[in-house]
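Residue-level listing of the chains:
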Number of protein chains: 2
Amino acid sequence: MSRRPFHRAGEDVRRHDLIAATLDCISESGLQGATVRQIAARAGVTPGLIRHYFSSKDQMLQDAYREVMTGMTSAVVAAADGDQQSARERLHDFIVANLTPPVADGRRLSLWAAFISHVRVDPAFAEIHRESYLAFRSALEELLAEVLAEAGEEPAPQRCRELGIAINGVIDGLWLEGTLVGDLFTDNPLPGIAIRSAEALLGGIVLAQDTPSS
Amino acid sequence: MSRRPFHRAGEDVRRHDLIAATLDCISESGLQGATVRQIAARAGVTPGLIRHYFSSKDQMLQDAYREVMTGMTSAVVAAADGDQQSARERLHDFIVANLTPPVADGRRLSLWAAFISHVRVDPAFAEIHRESYLAFRSALEELLAEVLAEAGEEPAPQRCRELGIAINGVIDGLWLEGTLVGDLFTDNPLPGIAIRSAEALLGGIVLAQDTPSS
DNA sequence: TTTGTTATTATACGGTTGAATAATTACGAG
DNA sequence: CTCGTAATTATTCAACCGTATAATAACAAA
């Protein structure tokens, strides 16, 4: 009976590894499959270590949820911060980034869905959702204001807000269904649908460089 | 030690009661809280009875999922089958029904979210989702074809399909966020946003009787 | 009223869960 | 090189999970 050998790791790397292992477990077998033992095995440690870095398993899940959401928003915001010249192009890339990998990805959807099911049950998760949703929407609204101004239209806050809600709805819905049953949309690529929908919602402002209208 | 008294019930009633109790448990405490003991207690029976009516707990969950989804689609389809004259009015009511109670409702969202998190893990649930999504989308496409024809536009299948995907996306996204954090939208009623969005996507076809554009 | 069927309850089982505690071992400070 | 600290492992615990099986009681048929 030899004791298991181990090596020490910095607090930050351990926490990150444990969260990564948690997300792996959730994406593969859902929240139900994310047990402390499974997570520990995946991270290459023993179960007890989890409660040394997190006050409880629930606390670790909250941290994991926060990381998933910030990862998604930062990915699409980065896509809109490239070297594009016009606001139209930035909005275009922002929308497309939402509906193409790595954001539109089965693993991300699994994680998102698992946590969403907890939002209505646990207030702590509701707060995390609220924060991430508002961060996403405000980034989108800012982008929309620039697009409107660029097109010579007065970017009234109320109009930007409503446009943001609507376009966010399109993105959310397409991302959800497209990633859930992607094979249904091979004949109708979702990025194109999203761009044309946003253009329609914007009252005809053209976003795409090349738009072969269907 | 007195034995618990009981009365017999018809097979259909019992199954329905058990499924109802299952949904109650899920909506209140998520899938994790929907244990056979909790469900049985809620239904006023003992746990063993569940496996007398369902081959397994998982089987009962599948039946419950199917009931939730058919309940939602039938509710909105019924809203579009009233005594409205024009197709425009029917589409209008269809969209509004999606974003107002009892469809836009916290309990329904809790149930939907809990099951969605299972769709990516269990193929049986994926199949149920696929069926219900296609049923919903085809109902919407049919409605859209009538609206286009009524407006004198040729209802090409490809256009109806793309419109259906896009409008379904708007509905899904708004339903999701609106029900998750409804208090964020008190100043921006979602049914109005959805209608105006659909009108924009339809290229200007007017759906509402009275549309005070924001 | 008696009997047979089966819906329902009661009980038990093996396995798993998150958490708590105690025993070790790696590593830095001195 | 030694020692103290704390990161990590090992073990244990009570509670709970879904399921299987046997005992019981309600109701229908005769």
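None of these values were measured; they are calculated from a predicted model.

How each quantity is defined
- Residues numbered from 1 in each chain as written.
- Chains lettered and ligands numbered in written order.
- Predicted model: local features only at pLDDT ≥ 70, side-chain atom pairs only at ≥ 80, totals over all residues.
- Domains from an automatic or database assignment.
- Contact = placed C-beta atoms within 7 Å.
- Helix = DSSP H or I, 4+ residues; strand = E, 2+ residues; numbered from the N terminus.
- Nonpolar A, V, L, I, M, F, W, Y, C, P; charged D, E, K, R; others polar.
- Least-squares fit on C-alpha atoms with pLDDT ≥ 70 in both.
- Near = placed C-beta within 6 Å.
- Core = buried A, V, L, I, M, F, W, Y, C linked by C-beta atoms within 7 Å.
- Buried ≥ 20, exposed ≤ 12 C-beta atoms within 10 Å, placed from the backbone.
- UniProt positions renumbered as here; feature names shortened; annotations may be inferred.

Caption draft 1: Focus on the domain arrangement of chain A. All names here are of chain A. When its domains are assigned, chain A resolves into domain 1 (8–54) and domain 2 (56–201). Across the contact, 11 residues belong to domain 1 and 13 residues belong to domain 2. For the side of domain 1 that touches domain 2, the element with the highest residue contribution is helix H1 (residues 11–33), accounting for 8 residues. Residue composition of the side of domain 1 that touches domain 2, by class: 8 nonpolar, 3 polar and no charged.

Caption draft 2: Highlighting the relation of the copies chain B and chain A. Overlay of chain B on chain A (RMSD 0.1 Å): rotation 180 degrees, translation along the axis 0.0 Å. Seen this way, the second copy is the image of the first under a two-fold rotation axis. Same-surface contact between copies: 98% of interface residues of chain B are shared with the interface of chain A.

Caption draft 3: Structural context of the environment of leucine 163 of chain A. Residues and elements named next belong to chain A. Topologically, leucine 163 is positioned in helix H8 (residues 157–180). Taking C-alpha positions, leucine 163 is 7.2 Å from leucine 201, a pair spaced 38 residues apart along the chain. With near-sequence residues (within four places) excluded, leucine 163 lies in contact with Leu144, Leu201 and Leu202.

Caption draft 4: Up close: the protein's contact with DNA strand D. Contacts to DNA strand D come from 25 residues, most closely from Arg4, Phe6 and Gly48 of chain A together with Thr35 and Lys57 of chain B. Ranked by residue count, the leading element in the surface near DNA strand D is helix H2 (residues 36–43) of chain B, at 3 residues. A breakdown of the residues in the surface near DNA strand D according to their chemical character gives 8 nonpolar, 8 polar and 9 charged.

Caption draft 5: Summary view of the nonpolar core. Ranked by size, the top nonpolar core spans 129 residues in total, and within it Ala194 of chain A together with Ala194 of chain B carry the most contacts. Not counting chain neighbours up to four residues away, the residues in contact with alanine 194 of chain A comprise Ile95, Leu99, Val170, Ile171 and Leu174 of chain A.

Caption draft 6: Layout of the UniProt feature "domain: HTH tetR-type" (unreviewed entry) in chain A. The sites that carry the UniProt feature "domain: HTH tetR-type" (unreviewed entry) are, in the present numbering, residues 12–72 of chain A. In residues 12–72 of chain A, the share of helix is 82% and the share of strand is 0%. The end C-alpha atoms are 21 Å apart.

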